[in-house]
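Per-entry structural report
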Amino acid sequence: MLATRVDGPITPVIEEHLSDGVRRAERQGYAAYLVVIDTPGGLLTSTREIVQTFLGAHVPVIVYVSPDGARAASAGAYITMAAHVAAMAPGTHVGAGTPVTQEGEKASNKVINDAAAFAVSIAERRGRNPTFAEDMVRKGTAISAQEASRRNVIDLVVPNQEALFAQVDGRQVRLGDGKQITLRTAGVAVIDHDLGFIGALRQLLANPELAFLFFSLGTLAVIYELANPGMGFAGIAGAIMLVLGFVALSVLPVNVGGLLLLALAAGLFVAEILAPGVGVFAAGGAVSLLLAGVYLFRGDTGVDPAVLWPTVLVVGAATTLAGRLAWRARRAPATTGDDALIGRTARVVRAEDDTGQVLLDGAWWTVRGRETSVTKGQNVRVVDRDGLELIVANADKLESREGDDP
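Figured I'd write up the structure that's included with this text. Remember, predicted model here, so these are calculated numbers, not experimental data. (Residues numbered from 1 in each chain as written. Predicted model: local features only at pLDDT ≥ 70, side-chain atom pairs only at ≥ 80, totals over all residues. Heavy atoms only, no water.)

Some thoughts on the packing of aromatic side chains
Inspection of the entire model under this criterion finds two aromatic pairs. Both rings, one in Tyr 78 and one in Phe 118, keep their centres 5.5 Å apart while their planes meet at 20°; by these two values the pair is stacked. Placement of the pair is Tyr 78 in helix α3 (residues 75-82) and Phe 118 in helix α4 (residues 109-126), with a sequence separation of 40 residues. Taking relative accessible area as the criterion, Phe 118 reaches 11% and is therefore assigned buried. Over the face of the ring belonging to Phe 118 we find Arg 48, whose NZ or CZ atom lies 4.4 Å from the ring centre. (Phe/Tyr/Trp six-rings, centres within 6.5 Å; stacked < 30°, edge-to-face > 60°. Helix = DSSP H or I, 4+ residues; strand = E, 2+ residues; numbered from the N terminus. Buried < 20%, exposed > 50% of the residue type's maximum accessible area, 1.4 Å probe, protein only. Lys NZ or Arg CZ within 6 Å of the ring centre and 35° of its normal.)

Side note on the packing of α4 against helix α5 (residues 130-138)
At a closest axis distance of 8 Å, the pairing of α4 and α5 adopts a crossing angle of 155°. Taken together, α4 and α5 sit at an angle that is classed as roughly antiparallel. For α4 against α5, the interelement crossing comes out right-handed. From α4, Ile 112, Asn 113, Ala 115, Ala 116, Ala 119, Val 120, Ala 123 and Glu 124 reach across to α5, where they touch Pro 130, Ala 133, Glu 134, Met 136, Val 137 and Arg 138. Looking at the contact of α4 with α5 residue by residue, the classes come out as 10 nonpolar, one polar and three charged. (Axes fitted to C-alpha atoms, helices over the stretch in contact; angles between N-to-C directions. Parallel < 35°, antiparallel > 145°, perpendicular 65-115°, else oblique. Left-handed = near helix turned anticlockwise from the far one by under 90°. Contact = heavy atoms within 4.5 Å. Nonpolar A, V, L, I, M, F, W, Y, C, P; charged D, E, K, R; others polar.)

Considering helix α12 (residues 280-295)
Between the first and last C-alpha of α12 there are 23 Å, a value that for 16 residues agrees with the 22 Å anticipated at 1.5 Å per step. Here α12 has its buried residues at Ala 282, Gly 285, Ala 286, Ser 288, Leu 289, Leu 290, Ala 292 and Gly 293. (Expected span 1.5 Å × (residues − 1).)

Some remarks on the side chain of Arg 126
Note that Arg 126 resides in helix α4. Buried charge without a salt bridge: Arg 126, with Asp 155 as the nearest opposite-charge side chain at an N-O distance of 8.2 Å. Residues within four places of Arg 126 in sequence aside, it is in contact with Phe 54, Leu 55, Met 81, Ala 82, Ala 83, His 84 and Arg 174. (Lys, Arg positive; Asp, Glu negative; His and termini not counted. Salt bridge = Lys/Arg side-chain N within 4 Å of Asp/Glu carboxyl O.)

Concerning the pattern of salt bridges
Summed over all chains, the structure comprises eight salt bridges. For Arg 368, the salt bridge is made with Asp 386, and the minimal N-O distance between the two is 3.1 Å. Here the residue Arg 368 occupies a position in strand β15 (residues 363-369), and Asp 386 occupies one in strand β16 (residues 379-386), the gap between them amounting to 18 residues. Judged by its relative accessible area of 27%, Arg 368 is partly exposed. Its relative accessible area of 45% is what places Asp 386 among the partly exposed residues. A salt bridge links Arg 368 to Glu 389, with the shortest nitrogen-to-oxygen separation between them at 2.9 Å. Here Arg 368 is found in strand β15, whereas its partner Glu 389 is found in strand β17 (residues 389-394), with 21 residues between them in sequence. When salt bridges that share partners are traced, they join Arg 368, Asp 386 and Glu 389 into one network.

Structural notes on the sheet that holds strand β12 (residues 345-347)
If you walk across this open sheet you meet the six strands as β12-β16-β17-β15-β14-β13, and the pairing is mixed. The outermost strands of the open sheet, each flanked by one partner alone, are β12 and β13 (350-352). Averaged over neighbouring strand pairs, the angle between their axes works out to 45° when direction is ignored. Bridge analysis of β12 against β16 gives three bridges, and the strand direction is antiparallel. The partner of Thr 345 across the bridge, within β16, is Arg 381. (Pairing = 2+ DSSP bridges.)

In structure tokens, the structure reads:
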């Protein structure tokens, strides 16, 4: 028996994993493919793919809603009904399959009618209760495990996997190719088919809000590194977040137009750093970022407005501030290069012939007097530079002259 556990939302990652599990169970000749599920729902597009895979499977698929207190809500209800054998643990529930928008509002009648027909078709294919299938979509009906068993929504209620395997042993099911087989599950060994580290990471990142935040904050971090180069921490953090954003996008349904708007927003934010003005580039970038959040994902996937609007405002305002910082940094006096040494004072440590040596900013410099030779212990001030030599004057005399000026 090949077994998979699904905890959390139904995403394209889960769709790929369950499809791979069915193919592996078929290829390697397992007695059945067990899916232990506890989900609040998920993407309807991914759910449709999973249901199609289950309905066409050439290996028995068993869905078990477990442990106690678990649920097969929304997308989970469709998946449960699509299994050859549907079981639930005591204290679990199934249903509430009404499609909703990203804002949590009820979807349009067109979407609901389509989902209702989809649910009814699953119930009829598996010989389950079509009335409940329609009610869970149109009315949001959810029922307990015992009620689901009584109303022919599932096949049985069992307390654990051992009881499940014992009770379904000898049951006949019809596979996707029309072949009818008898289940042999009593005392069968269970082989885990888990997501693995990479799969678990992709599942964690398969979230439109996280993808949008990673791209927005990653871009902002890179912008701050451009505005105020330093140790590189902001740039490194930004690069990591951008990579995670790309990973998230790889498992989500993406619109090309949304990606282009995202790239345009990043370009305008960078332009604000390179040519700061009254914030026109930052404002344009904020508008592009807002539109990208709206159009980035296809279907019923989208960025929650509670995340979208604050992120856009923060990134836009922070980019404007970064532009001001970059403008001030470019107008500040030089702190490196030739100009940085002019006017600095130091004590001559060694002197020989017409030159001496001083320590400035942790480096040794050769100095030469502008008017007279330098002497050991003399305080000098840098007045010019000639290649690798600094031209200096007697600092004490210069201070005396400056003090005598009216």
